[in-house]
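Commentary on secondary and tertiary structure
Chain by chain, the residues run as shown.
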Amino acid sequence: MTAQILDGKATAAEIRADLTTRVAALRDRGVSVGLGTVLVGDDPGSHSYVNMKHRDCAEVGIESIRRDLPADASQDDVERAVAELNADPACTGYIVQLPLPKGLDEQRVLERIDPLKDADGLHPISLGRLVLMQPGPLPCTPKGIVELLRRFDVPLRGAEVAVVGRGITVGRSLGLLLTRRTENATVTLCHTATRDLAAHTRRADIVVAAAGVPGLITADMVKPGAAVLDVGVSRVDGRLAGDVDAGVREVAGWVAPNPGGVGPMTRAMLLANVVEAAEAAARA
Ligand SMILES: Nc1nc(=O)c2c([nH]1)NC[C@@H]1CN(c3ccc(C(=O)N[C@@H](CCC(=O)O)C(=O)O)cc3)C=[N+]21
């Protein structure tokens, strides 16, 4: 028996179709939705992700606004782009593509985003709301992971989840999300100083691999029937490599592959965050 594929690509397409209807309904009421991106430098990966986000916007009828800055942009240049998007009424939500080039203070930039326009859920106020379990935009990858598990009926309530990686955009935020009363999972947040990683993953009903270490999770580390989600992105000899070894498919009950799993869901949740913010503003 090989694992059922948690098909993020197909699921994201369904979500975009639903968002298309909601964007049209907003437009009928005179409410426009516009997603902005700030991209600094010429990292090919970042460029390709930003291009995909603009293509997604075109598909669902969301206006998109693009600010590309050169690799040698100063802190002031980036903060100016952020201030412009804060002031632009056509931009209802936006992201600053991470990572920023070395020498720029990422946290200072994120803090300058208008929290009402935070499409990534990475502003400290949004993260604070997540800690406080208050409504607000959620980080896109954790939100996409929960949505993917839901749609494939992977049981979450009471489940043991091993999250591997403590980064803000995925691991740490996912731990906060999964332990809310609405999800009710039990989370072990593993990281580089975890003494016996395999002992934690072997106990888990769900393993989320977001460490950025190619092939880190091998079949012997997975409980038979568990769900394993591959969120790692590394470049090995110019090719993208995930954190989950191919052999895991023979043991797991569900696998979210990389590519085709969590990545497309992340992009769909970015669109969902801007649409939800526009709907909330239209209700107010
Ligand atoms: N402020 C900010 N927000 C982000 O959400 C953000 C970011 N910065 N920096 C970089 C990471 C990475 N990320 C991905 C999103 C989608 C795919 C994706 O859709 N991948 C496809 C195709 C991959 C391919 O073919 O290249 C897949 O997995 O099937 C991948 C990676 C968002 N990030």
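Every chain's residues receive numbers from 1 upward, in the order its sequence appears when written. Reporting in this predicted model follows two pLDDT cut-offs: at least 70 for local features of residues, and 80 or more for side-chain atom pairs to be given and counted; totals over whole chains, interfaces and linings ignore these cut-offs and use all residues.

Notes on the site of the ligand
- As a matter of local geometry, the ligand sits amid 17 residues, with Ile-95, Leu-98, Pro-259, Gly-263 and Thr-266 nearest to it.
- The helix and strand labels rest on DSSP assignments: H or I over at least four residues marks a helix, E over at least two residues marks a strand, and numbering proceeds from the N terminus. For the shell around the ligand, the secondary structure elements donating two or more residues are helix 2 (44–60), strand 4 (93–96) and helix 9 (262–283).
- With four residues, helix 9 is the single largest residue contributor to the shell around the ligand.
- When residues of the shell around the ligand are sorted by domain, at least three fall in each of domain 1 (16–121 + 265–283) and domain 2 (140–263). Whether a residue is near a molecule or strand depends on its C-beta atom, placed from the backbone, lying within 6 Å of it. Throughout the structure description, domain borders are defined by an automatic or database domain assignment.

Examining the UniProt feature "domain: Tetrahydrofolate dehydrogenase/cyclohydrolase NAD(P)-binding" (unreviewed entry) in the protein chain
- Mapped onto this numbering, the UniProt entry gives "domain: Tetrahydrofolate dehydrogenase/cyclohydrolase NAD(P)-binding" (unreviewed entry) at residues 139–280.
- When the span residues 139–280 is considered, its composition is 35% helix and 19% strand, and the gap between its end C-alpha atoms is 18 Å. UniProt positions are given in the numbering used here, feature names are shortened, and annotations may be inferred rather than shown by experiment.

A short note on the environment of Arg-151
- Within the secondary structure, Arg-151 sits in helix 6 (residues 140–151).
- Residue Arg-151 is classed as partly exposed on the basis of its C-beta count, with 16 C-beta atoms lying within 10 Å.
- Each C-alpha atom, one on Arg-151 and one on Leu-6, is 9.0 Å from the other, the two residues being 145 residues apart in sequence. Between the buried cut of 20 or more and the exposed cut of 12 or fewer other C-beta atoms within 10 Å of a residue's own C-beta lies the partly exposed class, and all C-beta atoms are placed from the backbone.

A word on unusual backbone geometry
- Of note, the bond from Leu-98 into Pro-99 is cis; its omega dihedral lies within 30 degrees of zero at 0 degrees.
- Here Pro-99 shows up in the loop between strand 4 and helix 4 (106–111).
- In this model, Met-133 sits at a positive phi of 60 degrees, which is unusual for a non-glycine residue.
- Here Met-133 lies in the loop between helix 5 (124–132) and helix 6.
- Overall, Met-133 belongs to the partly exposed group, with 13 C-beta atoms counted inside 10 Å.

A word on the packing of helix 1 (residues 8–28) against helix 2
- The contact between helix 1 and helix 2 brings their axes to 8 Å, and the two run at 55 degrees. By the angle between their directions, the pair helix 1 and helix 2 is classed as oblique. From helix 1, Arg-16, Leu-19, Thr-20 and Val-23 reach across to helix 2, where they touch Asp-56, Glu-59 and Val-60.
- Residue type decides the class: Asp, Glu, Lys and Arg count as charged, Ala, Val, Leu, Ile, Met, Phe, Trp, Tyr, Cys and Pro as nonpolar, and the leftover types, Gly among them, as polar. Here the residues of the contact of helix 1 with helix 2 sort into three nonpolar, one polar and three charged. For helices, the axis comes from a line fit to the C-alpha atoms of the stretch in contact; other axes are also lines fit to C-alpha atoms, and the angle between any two N-to-C directions lies between 0 and 180 degrees. Angle categories are assigned with fixed cut-offs, so that under 35 degrees is roughly parallel, over 145 is roughly antiparallel, 65 to 115 is roughly perpendicular, and the rest are oblique. Any residue pair is listed as a contact if its two C-beta atoms, each placed from the backbone, are within 7 Å.

With respect to the UniProt feature "domain: Tetrahydrofolate dehydrogenase/cyclohydrolase catalytic" (unreviewed entry) in the protein chain
- Under the UniProt annotation, the feature "domain: Tetrahydrofolate dehydrogenase/cyclohydrolase catalytic" (unreviewed entry) is placed at residues 6–120.
- For residues 6–120, the helix share is 50%, the strand share is 16%, and the end-to-end C-alpha distance is 23 Å.

With respect to helix 2
- Multiplying 1.5 Å by the helix residue count minus one yields the expected span of that helix. Between its terminal C-alpha atoms helix 2 stretches 25 Å, which fits the 24 Å expected from 17 residues at 1.5 Å a residue.
- Buried residues of helix 2: Lys-53, Asp-56, Cys-57 and Val-60, and no others. Looking straight down helix 2, one finds its buried side chains confined to an arc of 100 degrees; they lie on one side. More than 90 degrees from the buried face of helix 2, the exposed residues found are Pro-44, Ser-48, Arg-55 and Ala-58.
- Looking at the buried positions of helix 2, the neighbouring elements they touch are helix 1, strand 2 (34–40), strand 3 (63–69) and helix 9.
- Directly beyond the C-terminal end of helix 2, a positive phi value near 85 degrees is found at Gly-61. It is the directions from the helix axis to the C-beta atoms whose arc is reported.

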